[in-house]
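The residues making up each chain are set out below.
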Amino acid sequence: MLSLRMKEAALIYLDRSGGLQKFIDDCKYYNDSKQSYAVYRFNILINPSDVVELDAELGNHILHQPLKAAQIFQSVCFTAVKTLSLIGQLQTETQINIVLKLTHLPPLPSYSLDLCEFPLDYTSQRFFMTQGIVIAVTTVTKYTQGARFLCSDEACPLSKGFQYIRVHMPGATESATVRNDFLCNLCSSSLEEDRKFRVLGDKQIVEIIPAKALHAFQGYSNNQPFRFQSLTIFLRVPSGPEISDNFRYLLTLTSSSCWKFAAILANIFASQIVPLGTYNLLKLCLLMSLVQTSDHNKELEDYLDILIITSDTLLVDRLLNFSINLVPRGIRHPVSTEIFPTLSGNKYGTGAVSIQAGSALLAKGGICFIGDMASHKKDKLEQLQSVVESRSITVHIPGKKSGDNTDQQMTFPVQCSFWSFVDMDSSSRRNTQKTNALIGQMDYSLIPVNLVETFGLLINCNESSPCHPFLPTVQHTLKKAIEPEGLLHVASKQFTTNDFEKLLAFAKNLNVELSLEAERMIHGYYLASRRIRTDSIYGSKLSASALKYLVSLSEAHARLNLRKKVLKEDVLIAALLFETSLTLKYGATVFCVAPNAVFPFELYNEEYLEQRDIYLTQCQQQLQQFIVTYGPGTAIFTSDE
């Protein structure tokens, strides 16, 4: 009865905390995957305070007997999988591997492991907090997280199926999980591992010493003998970037909606630069571009280039400059230097030609902010257009410069997103306004049309646009001038710049994949848009790269919401942003999107977020109708279908 009561409490906690929905989403990932699994690993976020308040016995198990607590959650999750038919391939409860991730431990002495106190508690298999200084680390090696064994006797019923599953337990060695002397419980034959189902993980060993041990290296002996010994810790899962507790709590609160979390992020982002609720559309696009950056080589279509049309270049410049500092490779291009690689004279006397990298190559995997587009000469803009289209730059080396009679050339991949803006208040611009613009079309006559078309996102930020309320910006600027270091909003204290850095670092490392429904919607919208923006003389205004941008936008919105699967709700935001850009470039079409479609209401409270969700749901229906009407041979299916 006690176990049953704790299972009920565990289910209630998962439901209230949003963990059950996350578990269901993880199950969908496994179920949709083409790969076969012997072990299904689930991370469950646990707030001990909330669990203790709900059920003290379950909370006590989590804090003092976490292995038994994991078995309780394992049983609950297995029942959920079978009841809701979440994973068709799952056969036994032992195939579920539950990892409890605690948000914190009680701030009491018994939960802190002090390496200087004696005797140490060597028997309790529970969570502790400890602090120390790392003095040695090993290289990262592999260990077995889980394995499947089968009876070697083919006549035995246990020679098939998933009855023998070995999962690594905390404190166990590799031989406890995988070795060759396991016997079948039914016929006593030896068990053999089915190696194609082995699940590997990363392992690293670190040695730490308490901070007090540093006195041994500082000569503070006080004429008393002492000794210190390092503590060896096995890191079974390398610690990646983590998001703050405030963001975790916000994610839990907004788990019922696919749009609220990203909307709130955009609303509070960069509150040190602009007031809350202003420039939300631009800030959302900046965040989506930031989560598409990487510290490693990525596919070129993952990048999101942004061109902003604005009448307030100072504020936009500050906002973009603030944003690029949140990623490791955010580069602001200095006007006095070159964006792309150039040749320089030989100053070393070796006869070799020196190739200077330029801002774009330095921003590999990040953002290259090139400032005001109009500040660059025509030839540089043409070069920029070529690079954005091809994502590569070729440097030609004349033979006479390299000391050889043969000309050479070197091609470098350009793996960064480009940010820039156009000043609407330029004097030359005011004198060359178009008079025959289509409905919704912006005038950007100072910039080559072909260059504007290569940028995936074109954003309008001027005093007449929804993303630029004038009065709050003036008030914010005056307050900031009076108190430069002051935090003008509570959100600036709750969600700091460091918190956003951790959030972006976590989100950009998520491996996302398209759901079938999202993939169909992207292709349907692309085909429908290409069809209605095609004429008999110039052909289609949408290039093949438009499809890549739609995929990248959809993935970016999913990452920003910390999801590993792209949903149709992510595709909707991508389509609205992309259609808004197309309207600014070419004018409106039958799929008429309002300039403020992504943020139709100011986000004052929960009520406005709910109204936005209702509005976006209506937009979802309009998008599906648009695809059905104008997308040749395109079918949109619901989740149930």
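What this report covers is the structure whose coordinates are included nearby. (Residues numbered from 1 in each chain as written. Predicted model: local features only at pLDDT ≥ 70, side-chain atom pairs only at ≥ 80, totals over all residues. Heavy atoms only, no water.)

Attention shifts here to the layout of surface pockets. Estimated volume of the second largest pocket: approximately 620 Å³. What lines the second largest pocket is a set of 25 residues, and nearest its centre among them are Thr454, Ser543, Ser545, Ala546 and Tyr549. If you list the elements that add at least two residues to the lining of the second largest pocket, you get helix 12 (378-390), helix 15 (449-454), helix 20 (545-560) and helix 21 (568-586). Grouping the amino acids of the lining of the second largest pocket by side-chain chemistry returns 11 nonpolar, six polar and eight charged. (1 Å grid on protein atoms, 1.4 Å probe; cavity = no way out; pocket = protein on both sides within 12 Å on 5 of 7 lines; lining within 4 Å. Points joined across faces, edges and corners; volume = space filled by probe spheres on them. Helix = DSSP H or I, 4+ residues; strand = E, 2+ residues; numbered from the N terminus. Nonpolar A, V, L, I, M, F, W, Y, C, P; charged D, E, K, R; others polar.)

A complete count under the given rule lists 16 salt bridges for this structure. A salt bridge links Glu513 to Lys565; its shortest N-O distance comes to 3.8 Å. In this pair, Glu513 sits in strand 18 (residues 513-514) while Lys565 sits in strand 21 (residues 565-566), placing the two residues 52 residues apart along the sequence. We classify Glu513 as partly exposed; its relative accessible area is 29%. Here Arg533 and Glu579 are joined by a salt bridge, their closest N and O atoms 2.8 Å apart. Taken together, the positions of Arg533 in the loop between helix 19 (516-532) and strand 19 (534-535) and Glu579 in helix 21 put the pair 46 residues apart, joining distant regions of the chain. The burial state of Arg533 is the same as that of Glu579; both residues are buried. Overlapping salt bridges, with partners in common, bring together Arg148, Asp194 and Lys196 in one network. (Salt bridge = Lys/Arg side-chain N within 4 Å of Asp/Glu carboxyl O. Buried < 20%, exposed > 50% of the residue type's maximum accessible area, 1.4 Å probe, protein only.)

Taken together, the five strands give an open sheet; going across it, the order is 10-13-16-9-17, and neighbouring strands pair in parallel fashion. The sheet is open, and its two edges are formed by strand 10 (330-332) and strand 17 (457-461), each paired on a single side. Recorded for the sheet is a direction-independent mean angle of 20° between the axes of neighbouring strands. Sheet topology places strand 13 (residues 367-372) next to strand 16 (residues 417-423); four bridges connect them, and they run parallel. Across the sheet, residue Cys368 finds its bridge partner in strand 16, namely Phe418. Sheet strands touched by helix 10 (residues 313-324): strand 9 (306-310), strand 10, strand 13 and strand 16. Its angle to strand 16, the strand with the most contacts, is close to 170°. (Pairing = 2+ DSSP bridges. Axes fitted to C-alpha atoms, helices over the stretch in contact; angles between N-to-C directions. Contact = heavy atoms within 4.5 Å.)

Where empty space is left becomes clear once a probe the size of a water molecule has been rolled over the atoms. What the rule picks out here adds up to two cavities of 30 Å³ or more. The residue makeup of the lining of the largest cavity, split by class, is six nonpolar, five polar and no charged. By volume, the second largest cavity is sized at about 30 Å³. Looking at the second largest cavity, the residues that line it are Leu281, Cys285, Leu457, Leu458, Ile459, Leu577, Thr580 and Ser581. Looking at the lining of the second largest cavity residue by residue, the classes come out as six nonpolar, two polar and no charged.

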